[in-house]
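Here are the chains, one letter per residue:
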Amino acid sequence: QVQLVESGGGLVQAGGSLRLACAASGRTFNNYIMGWFRQTPGKEREFVAFIDRKSSTYYADSVKGRFTISRDGAKNTVYLQMNSLKPADTAVYYCAASEKLFARGEYDYDYWGQGTQVTVSS
């Protein structure tokens, strides 16, 4: 089992920045692909980014160039640095862990955090 706890959400003005963190506990952190998803009411959970075991990164087109995912094995933590935020980025952001070799879809992930709210005002 892996337990995931997100932090760092909040309210920010458009053009601002936030950094989300997801602390993992339980089984070996470096064995997992770590991903970020987001969800707004009435919509499906949307892929944002993932980082694999070798720290290769993959992004949704909507956040490419603005968001950066990273991981710190010593701290068992994955981060999502979000810059140039837009109102359209407003959502609950979820951290997730996958045992697969490639994990872009929601159903590729085995463990989920509880989510953290990000609100971007115009």
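To start, this report covers the structure provided alongside it.

The rules behind these values
Residues numbered from 1 in each chain as written. Predicted model: local features only at pLDDT ≥ 70, side-chain atom pairs only at ≥ 80, totals over all residues. Heavy atoms only, no water. Helix = DSSP H or I, 4+ residues; strand = E, 2+ residues; numbered from the N terminus. Buried < 20%, exposed > 50% of the residue type's maximum accessible area, 1.4 Å probe, protein only. Contact = heavy atoms within 4.5 Å. Phe/Tyr/Trp six-rings, centres within 6.5 Å; stacked < 30°, edge-to-face > 60°. Lys NZ or Arg CZ within 6 Å of the ring centre and 35° of its normal.

## A short note on the environment of Leu4
And then number 1: Here Leu4 is to be found in strand S1 (residues 2-7).
And then number 2: We classify Leu4 as buried; its relative accessible area is 6%.
And then number 3: Sequence separation between Leu4 and Val118 is 114 residues; the distance between their C-alpha atoms is 17 Å.
And then number 4: Excluding residues within four positions of it along the chain, Leu4 makes contact with Cys22, Ala23, Ala24, Met34, Cys95, Ala96, Ala97, Tyr111, Trp112, Gly113 and Gln114.

## A word on the packing of aromatic side chains
And then number 1: On inspection of all chains with the given rule, the structure shows 10 aromatic pairs.
And then number 2: Among the aromatic residues, those joined into a cluster by ring pairs are Phe37, Phe47, Phe50, Tyr58, Tyr94, Phe102, Tyr109 and Trp112.
And then number 3: Taking the ring centre of Phe29 as reference, the NZ or CZ of Arg71 above it sits at 4.6 Å.

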